[in-house]
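These are the residues of each chain, in order.
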Amino acid sequence: MAAASNNPPLLEVKNLRVEFPTRRGTLLAVDDVSFDIAPGEVLGVVGESGAGKSLTGNAIIGLLEPPGRIAGGEVKLEGRRIDNLPYEEMRKVRGARIGAIFQDPLTSLNPLYSIGRQLIETIQTHLPLSGAQARKRALDLLKEVGIPGAESRIDHYPHQFSGGMRQRVVIALALCADPRLIVADEPTTALDVSIQAQIIALLKKLCREHQTAVMLVTHDMGVIAETADRVAVMYAGRIAEIGPVRDVVKHAKHPYTKGLMGSIPSLGVRHDKLTQIDGAMPRLTEIPPGCAFNPRCTFRGQRCMVERPNLMSAGASRAACWLHDRGGVGAPVTKELVDA
Amino acid sequence: MIAFILRRMLQSIAVLLAVGLVAFSLFRYVGDPINAMVGQDTSMEDRALLREKLGLNDSPPVQFLRFIVNAARGNFGLSYRTSEPVGRLIAERIPATLELSFCAAAFALFIGIPMGVYTGLYPRHWSSRLFQAVSLIGISLPTFLIGILLILIFAVSLHWLPSFGRGETVQIGWWTTNFLTISGLKALILPSITLGLFQLTLLMRLVRSEMLEVMRTDYIKFARARGLTNRAINFGHALKNTLVPVITVTGLQLGSLIAFAIVTETVFAWPGIGQLFIQSVQFSDIPVMAAYLLLIGLLFVVINLVVDLLYFVVDPRLRSQGGAARVSGH
């Protein structure tokens, strides 16, 4: 279900910059990030903690926590700019055109209201339905996300549901007004492994049925490999590599992605020790000049130390790495990274 | 639910018995009531007769039992000072105190909570900072000083409002009310502000800090992500989640408004039970003091019971746990 390239994209993010003013200067947490999501497409966004993936998601739904702010670039949904909308206009987009799912289902629901009330409230905020119609829709949604005995469960309170069931309710809440895009920020991180697979399968099924696109933010490559059509790998606030999921997983073009894939254990192969990338992602205050990954990169050359690479074509993907510069000025080209 | 209420009522009765014991021991240890009742030239025989007549020669447990049984019937005996029934003295005075406390509580609630919500939602706004600073004054100035300052400004200098008394009151049955005359209403203003100001600032600061905390929670962020209106988020989702601590404090403060209106009533010469209590202390009028003690004990017990029941109304997590658990944060 790869994105058809002739369709206009549903979401366009261009040169997005998110910064945090602090006492000791401004931190650039998301730096010049651009990507598209096609209608119905699932884009996975992976990266370590602090790579800027959640902030990118929050910037798209317009819920950056102050003092964080969008410092540049633009976000377009269905051809309309949404990053500079007044609060009230953006409120009507949230929930209606873009749904959101957060990490922890245990804290995403208001403990004092029944789930039915929270669903009906959301439905009636965005759709012109009567109380009875909204309740009917809420019931349908609960059945759709697989809550057994929805009729009796609708008036229950969040604490009466398990974590997995609550995340199903959260998904139903995100789907209330049939949005075109769902930003799912680590939707399974807080759940048991066995529940994770169910939730991911549910999300995948619902989005296929509703033709809803998903921006799936996670640090779990397994989830991405299973769910996403394309994947963007983020590192220190920038996209290191973006491309179809199979290419990125099997034929990583960026040394960082390569390292990331190497750190996933595979079944049936005996590992004495998992590969890991030496060092840690730099703090936002200490990003080195040139390529941000250069201190940890085994392929680095002179150019990587001084000049920052932008995304460039590398086979079916695009990678921000000088190895793929057609001029070939960078480090000695390694065959395994360049060959498509 | 029913079991919970019954358990709480049994606890309440135990608390009241303990308060009754304290009240009763007042009689035993605060001087000899006979001395306070009779003149210096009363003969020893008359004193002994009186002692026998009042039942003061019985053993303490018997006297305590008699005291509790009488108290339960609303019979607190005769005042040493005026020789009137204590029950009637209190009934005469209590409307004044209740009306004053009611106005002070309304003043604190209807101004304190909205101010707390506002300063919690916009903590950086200059007016929020101003409220915060002014609330420090309210919380740190002693009540009598506020009362005297208000009298100085609005009664002495501006002549807008009376400085003492209830003004004209209207009698409805045994209840006398301030609410039906202009002078009665005017007389309520200064004492209500004096009495309620501390509670107002306390509530404001409590609601503010609770709001700040709730606004940071995931479910508020998720409510925003669902595109709910600000009004629904601020007053539906956020405010309701601040209610449990607010109800607790409001309940306790309501009790202390009535119980400790003493200072305000003294400053404004307000003819309530606080003033009655002060007079009784001056005259060692033990029956009145004991009755006052029991009344305040009863008040606190009732308010706490109501507060506990309100928790159930607000928080569904308690309802399903059979009331055994207490609210344990969010």
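This one's a predicted model, so the numbers in the text were calculated from it and none came from an experiment. (Residues numbered from 1 in each chain as written. Chains lettered and ligands numbered in written order. Predicted model: local features only at pLDDT ≥ 70, side-chain atom pairs only at ≥ 80, totals over all residues. Heavy atoms only, no water.)

Observations concerning the pairing of strand β9 (residues 230-235) of chain A
Residues and elements named next belong to chain A.
- For β9, the tally of buried residues reaches 5 of 6 residues, placing the bulk of the element in the interior.
- Bridge count for strand β3 (residues 42-46) against β9 is 4 bridges, and the pairing is parallel. The residue of β9 that forms the bridge with Gly44 is Val231.
- As judged from the 6 bridges shared by β9 and strand β10 (residues 238-244), these two strands associate in the antiparallel manner. Paired with Met234 across the bridge in β10 is Ile239.
- Linking β9 to β10, which pair antiparallel, is a turn of 2 residues; within it Ala236 sits at a positive phi near 50°. (Buried < 20%, exposed > 50% of the residue type's maximum accessible area, 1.4 Å probe, protein only. Helix = DSSP H or I, 4+ residues; strand = E, 2+ residues; numbered from the N terminus. Pairing = 2+ DSSP bridges.)

Some words on the domain arrangement of chain A
Residue and element names in this part refer to chain A.
- Looking at chain A, the domain boundaries give domain 1 (11-228) and domain 2 (235-265 + 274-338).
- A combined buried area of about 1,400 Å² lies between domain 1 and domain 2, and 65% of that area is made up of carbon and sulfur atoms.
- The three residues of domain 1 that bury the most area against domain 2 are Asp31, Glu48 and Met221, which together make up 35% of that side's buried surface.
- At the junction of domain 1 and domain 2, the tally comes to 3 salt bridges.
- With a shortest N-O distance of 3.5 Å, Glu48 and Arg296 are connected by a salt bridge.
- Counting across the domain 1 and domain 2 interface gives 6 residue pairs in polar contact (both at pLDDT 80 or more).
- Of all the secondary-structure elements, those providing two or more residues to the side of domain 1 that touches domain 2 are β2 (25-37), β3 and α9 (221-227).
- For the side of domain 1 that touches domain 2, the class distribution of residues is 13 nonpolar, 4 polar and 3 charged. (Domains from an automatic or database assignment. Buried area = accessible area lost by both parts, 1.4 Å probe. Salt bridge = Lys/Arg side-chain N within 4 Å of Asp/Glu carboxyl O. Polar contact = N/O pair within 3.5 Å; in protein donor to acceptor, adjacent residues only side chain to side chain. Nonpolar A, V, L, I, M, F, W, Y, C, P; charged D, E, K, R; others polar.)

Considering the packing of aromatic side chains
- Applying the stated criterion across every chain, the model contains 10 aromatic pairs over all chains.
- Residues Phe102(A) and Phe222(B) carry aromatic rings whose centres are separated by 5.9 Å and whose planes lie at 70° to one another, so their mutual orientation is edge-to-face. One end of the pair, Phe102(A), is in the loop between β6 (98-101) and α3 (105-108); the other, Phe222(B), is in helix α9 (residues 218-225), on a second chain.
- Taken together, the ring pairs in this structure connect Tyr235(A), Tyr256(A) and Phe293(A) into an aromatic cluster.
- Its guanidinium or amino end placed over the ring of Tyr87(A), Arg94(A) lies 5.3 Å from that ring's centre, counting from NZ or CZ. (Phe/Tyr/Trp six-rings, centres within 6.5 Å; stacked < 30°, edge-to-face > 60°. Lys NZ or Arg CZ within 6 Å of the ring centre and 35° of its normal.)

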